[in-house]
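Coordinate inspection notes
Here are the chains, one letter per residue:
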Amino acid sequence: MKPSATKTKTEVEEQELESSKKKRPHPTLLLIEDDEDLRQQMKWALSSNYELREAVDRASAVEIVQNEPVHFAILDLGLPPHANDAIEGLAALEDMLSVNRDLKIIMATGNTDRRHALKAIELGAYDFLEKPVDLEVLKVVLQRADYILRLERENRSLRKQEDQTDFEAIIGTSTPMQKVFEVVRRVAKSDISVLVIGESGTGKELIARALHHQSDRARGPFIAINCGAIPENLLESELFGHEKGAFTGAHARRKGRIESADKGTLFLDEIGELPTALQVKLLRVLQERCIERVGGRESIEIDSRIVAATNIDLEKAMAQGQFREDLYYRLNTVTIPIPPLKDRGGDIILLAERFLQRIADGAGKKFAGFTKEAKISIERYHWPGNVRELENRIKRAVAMADGNRITPEDVQLDSPTVGYSGYTLKNAREAVERELIQRTLEKTGGNITRAASELGVSRPTLHELITRYSLR
Ligand SMILES: Nc1ncnc2c1ncn2[C@@H]1O[C@H](COP(=O)(O)OP(=O)(O)OP(=O)(O)O)[C@@H](O)[C@H]1O
Ligand SMILES: [Mg+2]
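Residues numbered from 1 in each chain as written. Chains lettered and ligands numbered in written order. Predicted model: local features only at pLDDT ≥ 70, side-chain atom pairs only at ≥ 80, totals over all residues. Heavy atoms only, no water.

The name an unreviewed UniProt entry gives the protein is PEP-CTERM-box response regulator transcription factor, with Candidatus Nitronereus thalassa as the organism.

See below:
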């Protein structure tokens with residue numbers, strides 16, 4: 001009977017973290033030994049370097065492992081009620097490991113049961129020592145186990161960081177983007193073909209890269225090819241490679257992108273632009289998982305994951321006979337639609353702020369962020385060029401802006417007053433007046449003389465307007 005794991009691994013880890021914050025002085029070592037004298041001896045030898053726990057049988061040992069973070073255990077192979085064979089000891093080993101896989105268990109074995117000792121190692125014990133246990137040897141074994149435990153932990157935390165950075169470059173806290181991340185997480189590990197669709201500049205390539213980084217192919221290559229950017233007559237050899245002399249100018253054999261993506265991910269960008277003749281050839285690759293180079297006869301096996309992307313409506317292209325239906329269904333085992341930027345709510349400002357920070361840093365400039373108006377304009381704009389357009393507008397703003405904060409003009413957007421509907425002429429005029437004054441004051445740092453001159457009014461008039469709109 002196996003104990004139910006009352007705590008999950010991460011809970012144990014968290015608990016461990018908590019207790020290490022409280023400066024746990026020593027790692028915890030559990031002594032599982034029914035012989036009172038032996039236990040006492042080990043306690044004397046080890047108590048100055050370990051937080052000790054004691055158990056006399058399987059049940060009490062498992063209970064301790066379930067309820068606290070134990071790092072090491074010394075386990076007597078012959079435990080009651082079967083003190084003379086290994087059944088109970090091996091069962092305790094398995095039970096404890098099923099609760100805490102990282103527990104380093106050192107078996108204490110009688111000198112006759114080497115066979116059982118090996119069995120224990122097979123089941124996941126860290127090491128074994130023959131009885132009577134030499135306490136000095138035990139100390140060294142424990143030190144080494146401690147070292148390994150630390151390495152494992154470090155490794156895990158590095159891997160966790162890696163996992164987090166998989167989406168780190170992709171900003172998106174809005175619900176539609178979280179849904180995208182969820183699908184990516186779900187399908188990344190499998191080899192199924194994924195079609196990423198979305199308007200231009202929505203981040204399709206970033207998602208394709210995330211799929212690669214989260215897959216088991218992450219160590220392999222990520223090879224991208226933009227089917228729309230390469231002249232039709234070169235595209236075939238670019239994709240499939242060629243043999244020497246395959247055509248005029250083919251001076252040497254060359255690998256194509258498909259072949260280069262072996263053991264990795266092949267990203268076919270703008271797949272909708274792939275000429276019909278090549279669509280047939282690509283379909284063959286997907287069906288048969290092998291290619292032939294241009295001018296070659298050898299069939300080369302291909303093991304790569306295919307991610308395709310497009311910003312055109314492939315269903316429409318199919319209806320018009322421009323895209324093959326059979327290829328379409330091969331490519332879109334899973335389709336990930338990327339929402340347009342205008343549908344991502346709070347992400348828009350979040351992205352704008354991150355871009356501003358990053359681009360300004362790169363340019364050695366410093367800004368205090370966006371003006372209120374700029375934020376409103378950014379939020380209201382419909383962003384036909386999506387994230388790429390936002391990035392470009394901020395690049396331009398960083399280069400051009402002379403104020404402390406980025407204004408709507410800096411990002412070349414209309415001030416939010418424009419487009420107010422349902423206003424009478426009078427309150428529209430007032431609203432514009434108010435915003436313009438406020439912005440100019442912000443820009444001049446409250447300098448009335450400069451603001452008045454910029455606004456083309458006298459200082460007394462500006463004072464009067466400031467009072468009327470309670471701008472101070
Ligand atoms: N969510 C995001 N967070 C951060 N940067 C993003 C995000 N989405 C896109 N970008 C950035 O915007 C730019 C455009 O992204 P990407 O090239 O992936 O878009 P795309 O959909 O492939 O565009 P196109 O259809 O024009 O090829 C890139 O510089 C990318 O780094
Ligand atoms: Mg792209």
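1. Concerning the overall build of the protein
Just so we agree on the cut-off: Numbering of helices and strands starts at the N terminus; helices are DSSP runs of H or I of at least 4 residues and strands are runs of E of at least 2. Only C-alpha atoms enter the radius of gyration, while the globule expectation follows 2.2 Å times N to the 0.38, with N the number of residues. Using a 1.4 Å probe on the protein chains alone, a residue whose accessible area is under 20% of its type maximum counts as buried, one over 50% counts as exposed, and one in between counts as partly exposed. Should any heavy atoms of two residues lie within 4.5 Å, those residues are considered in contact.
Helices and strands together make up the secondary structure of the protein, namely 19 helices and 14 strands. Against the compact-globule benchmark of 23 Å for 472 residues, the protein has a radius of gyration of 34 Å, which places it well outside the compact range. By its C-alpha atoms, the protein is 100 × 75 × 40 Å across when sized along the principal axes. Here the protein holds 472 residues, and 45% of them are scored as buried. In the protein, the share of contacts with a sequence separation of at least 24, taken over all contacts with a separation of at least 6, comes to 67%.

2. Examining the domain arrangement of the protein
Just so we agree on the cut-off: Each domain's extent is set by a domain assignment, obtained either automatically or from a database.
As assigned here, the protein comprises domain 1 (9-159), domain 2 (169-339) and domain 3 (343-468). On a C-alpha basis, the centroid separation for the pair domain 1 and domain 2 is 51 Å.

3. A closer look at the sheet that holds strand β4 (residues 104-109)
Which entries qualify depends on this criterion: We treat two strands as partners when DSSP finds at least two bridges between them. Axes here mean lines fitted to C-alpha atoms, for a helix over just the part in contact, with angles spanning 0 to 180 degrees between N-to-C directions.
Reading across from one edge, β2-β1-β3-β4-β5 is the order of the five strands in this open sheet, with parallel pairing throughout. Sheet topology places β2 (51-55) and β5 (127-130) at the edges, where each strand pairs with a single neighbour. The mean inter-strand angle of the sheet, taken between neighbouring strand axes irrespective of direction, is 20°. Note that strand β3 (residues 72-76) and β4 share five bridges and pair parallel. Across the sheet, the residue bridging to Leu-75 is Met-107, located in β4. The strands touched by helix α5 (residues 114-123) within the sheet are β4 and β5, with β5 carrying the most contacts at an inclination of about 160°.

4. Things to note about helix α14 (residues 347-362)
The test is simple: The span one expects for a helix is its residue count, reduced by one, times 1.5 Å.
Taking 1.5 Å per residue as the helical rise, α14 with its 16 residues ought to reach 22 Å, and the 22 Å between its terminal C-alpha atoms agrees with that figure. Buried residues of α14: Asp-347, Ile-348, Ile-349, Leu-351, Ala-352, Phe-355, Leu-356, Ile-359 and Ala-360, and no others. On its buried face, α14 sits against α7 (175-188), α15 (372-380) and α16 (386-400). Looking at the residues trailing α14, positive phi occurs at Gly-364, about 70°.

5. Quick word on the UniProt feature "domain: Sigma-54 factor interaction" (unreviewed entry) in the protein
Heads up, the condition is: UniProt positions are given in the numbering used here, feature names are shortened, and annotations may be inferred rather than shown by experiment.
Under the UniProt annotation, the feature "domain: Sigma-54 factor interaction" (unreviewed entry) is placed at residues 170-399. End C-alpha to end C-alpha, residues 170-399 measures 24 Å, and it is 44% helix and 14% strand.

6. Let's talk about the sheet that holds strand β13 (residues 305-310)
Reading across from one edge, β7-β10-β13-β6-β14 is the order of the five strands in this open sheet, with parallel pairing throughout. Of all the strands in the sheet, the pair left with one neighbour each is β7 (222-226) and β14 (334-337). Looking at each pair of strands side by side, their axes are set apart by 20° on average, direction ignored. Examined bridge by bridge, strand β6 (residues 194-197) and β13 share four bridges and lie parallel to one another. Across the sheet, the residue bridging to Val-196 is Ala-309, located in β13. Lying over the sheet, α7 contacts β6, β13 and β14, oriented at roughly 155° with respect to β14.

7. Looking at the nonpolar core
We apply this condition: The set of buried Ala, Val, Leu, Ile, Met, Phe, Trp, Tyr and Cys residues whose side-chain atoms join them within 4.5 Å is what this entry labels a nonpolar core.
Membership of the largest hydrophobic core comes to 32 residues, with the highest contact counts inside it found for Leu-239, Ile-258, Leu-268, Ile-271 and Phe-323. For this core, the secondary structure elements donating two or more residues are β7, α9 (232-240), β10 (265-269), α11 (276-288), β13, α12 (314-319) and α13 (325-331). Broken down by element, the residue count for this core peaks at five residues, all from α11. The contacts of Leu-268, once residues within four sequence positions are left out, are Ile-225, Cys-227, Leu-239, Leu-282, Ile-306, Val-307, Ala-308 and Ala-309. Judged by nonpolar contacts, the second largest core, of 26 residues, contains Ala-61, Leu-77, Leu-79 and Ala-92.

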